[in-house]
Amino acid sequence: MTQDELKKAAALAALEYVEDGTIVGVGTGSTVNHFIDGLASIKDRIAGAVSSSEASSQRLAAHGIALRDLNDITDLPVYVDGADEIDAGLSMIKGGGGALTREKIVAAVATRFICICDATKRVEPLGRFPLPVEVIPMARAYVERRLYALGGKPVLRTGFVTDNGNQILDVHGLRITAPHALESELNQIVGVVSNGLFAHRGADILLLATSTGVERLVRR
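Residues numbered from 1 in each chain as written. Predicted model: local features only at pLDDT ≥ 70, side-chain atom pairs only at ≥ 80, totals over all residues. Heavy atoms only, no water.

A. Here's a closer look at the packing of aromatic side chains. Within this structure, the stated rule accounts for one aromatic pair. When the ring centre of Phe198 is taken as origin, the NZ or CZ atom of Lys94, which lies over that ring, is 5.5 Å away. Geometry around Phe160 places Arg157 over its ring, the cationic atom sitting 5.3 Å from the centre. (Phe/Tyr/Trp six-rings, centres within 6.5 Å; stacked < 30°, edge-to-face > 60°. Lys NZ or Arg CZ within 6 Å of the ring centre and 35° of its normal.)

The structure is reproduced here in structure tokens:
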């Protein structure tokens, strides 16, 4: 199977976690695009979707799936999203598409977070994929200095602005053995909006597509 076929297999496996009559939280990225396409086949069974990015919102709307405002919702049974990396404890690095802050907000509201990805994203430890950090533009240089002090090598994602109007620093060279602690430390840097570590709110279930099928791993 190609990597895209593996992504599709993981995405379609997540459809079984969608409950009839509910609103579905939808993430961002190439694997999630397959989930959105699959969700279109059962759109008459759901009450709509909350999206983590403008790109996903456009794809949902194109399928005729009703978009809902997260501020109007008190119950979000499930959120489905991918990962750039995920470890054995189901902590993740996310944000390769730049939607990390909105993804983190929707994940926080959801009762259950389903991560969908192919086997190449399963790593130990986290850090080979550059860690995205969303920053307020006027704080970028200050945040860069703080990230260097932590042992990282931040690189501005040029030509890119988040849906929130901010910039992304991609931090290279980190070997993340304590994701909970690092996530908290980064969040304390003034000017950081959010970082791409999803440890405090990691995945509850990982649907990992392999050459032999889709494996289901549960957060402990």
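B. Representation of the sheet that holds strand 11 (residues 197-198) in the model. Across the sheet, three strands lie side by side as 4-5-11; this open sheet has antiparallel pairing. A single partner strand is all that each edge strand has here, and the edge strands are strand 4 (85-86) and strand 11. Bridge analysis of strand 4 against strand 5 (residues 92-93) gives two bridges, and the strand direction is antiparallel. Across the sheet, Ile86 pairs through a bridge with Met92, a residue of strand 5. (Pairing = 2+ DSSP bridges. Helix = DSSP H or I, 4+ residues; strand = E, 2+ residues; numbered from the N terminus.)

C. Representation of the packing of helix 2 (residues 30-39) against helix 3 (residues 54-62) within the structure. Their axes nearest at 9 Å, the elements helix 2 and helix 3 cross at an angle of 25°. On the basis of their axis angle, the class for helix 2 and helix 3 is roughly parallel. Pair helix 2 / helix 3 crosses with right-handed handedness. Within the contact between the two elements, helix 2 uses Asn33, Ile36, Asp37 and Leu39 and helix 3 uses Ser56, Arg59 and Leu60. For the contact of helix 2 with helix 3, the per-class residue count stands at three nonpolar, two polar and two charged. (Axes fitted to C-alpha atoms, helices over the stretch in contact; angles between N-to-C directions. Parallel < 35°, antiparallel > 145°, perpendicular 65-115°, else oblique. Left-handed = near helix turned anticlockwise from the far one by under 90°. Contact = heavy atoms within 4.5 Å. Nonpolar A, V, L, I, M, F, W, Y, C, P; charged D, E, K, R; others polar.)

D. Region of the structure containing the sheet that holds strand 8 (residues 153-156). Strand order in the open sheet formed by four strands is 8-9-7-10, with antiparallel pairing between adjacent strands. Two strands lie at the open edges of the sheet, namely strand 8 and strand 10 (192-195), each paired on one side alone. Looking at each pair of strands side by side, their axes are set apart by 30° on average, direction ignored. Across three bridges, the pairing between strand 7 (residues 131-135) and strand 10 is antiparallel. Residue pairing across strands places Val135 opposite Val192, the latter belonging to strand 10. With respect to the sheet, helix 4 (residues 100-109) is in contact with strand 7, strand 9 (167-172) and strand 10, its orientation differing from that of strand 10 by roughly 70°. The strands touched by helix 6 (residues 179-187) are strand 7 and strand 10; relative to strand 10, the strand with the most contacts, the crossing angle is about 165°.

E. Looking closely at the nonpolar core. Val24, Val26, Phe35, Leu39, Ile114, Ile116 and Leu207 are the most contacted members of the largest nonpolar core, which has 27 residues in total. Elements that contribute at least two residues to this core include exactly helix 1 (3-13), strand 1 (23-26), helix 2, strand 3 (78-81), strand 6 (112-118) and strand 12 (205-210). Ile116 has contacts with Ala10, Ala11, Ala14, Thr31, Val32, Phe35, Val80, Asp81, Gly82, Ala83 and Leu207, leaving out every residue within four places of it along the chain. In terms of nonpolar packing, the next biggest core, distinct from the first, is built from 20 residues, Ile23, Leu70, Met92 and Ala107 among them. (Core = buried A, V, L, I, M, F, W, Y, C linked by side-chain atoms within 4.5 Å. Buried < 20%, exposed > 50% of the residue type's maximum accessible area, 1.4 Å probe, protein only.)

F. Spatial organisation of the pairing of strand 9. Of all six residues making up strand 9, five are buried, and the element is well covered by its neighbours. Relative to strand 9, strand 7 runs antiparallel, the two sharing five bridges. Bridging across to strand 9, Val135 finds its partner in Gln167.

G. Geometry of the pairing of strand 1. Residues of strand 1 alternate between two faces, with Ile23 and Gly25 on one and Val24 and Val26 on the opposite face, all of them buried. Alignment of strand 1 against strand 2 (residues 48-51), held across four bridges, turns out to be parallel. Its bridge partner lying in strand 2, Val26 is registered against Ser51. Considered for its hand, the β-α-β crossover made up of strand 1, helix 2 and strand 2 is right-handed. (Right-handed = clockwise from strand over helix to strand, strands pointing away.)

H. Here's a closer look at the environment of Thr120. Relative to the elements of secondary structure, Thr120 occurs in the loop between strand 6 and strand 7. For Thr120, a relative accessible area of 52% translates into the label exposed. A sequence separation of 23 residues divides Thr120 from Val143, and the C-alpha atoms of the two residues are 30 Å apart. Reaching out from Thr120, the side chain makes a polar contact with the side chain of Gln3 at a distance of 3.3 Å. (Polar contact = N/O pair within 3.5 Å; in protein donor to acceptor, adjacent residues only side chain to side chain.)

I. Structural view of the packing of helix 1 against helix 2. Put simply, helix 1 and helix 2 touch, their axes get as near as 8 Å, and they point 50° apart. One way to sum up the angle between helix 1 and helix 2 is to call them oblique. Both helix 1 and helix 2 take part in a crossing whose hand is right-handed. Across the interface between the two elements, Asp4, Lys7, Lys8, Ala11 and Leu12 of helix 1 pack against Ser30, Thr31, His34, Phe35 and Gly38 of helix 2.

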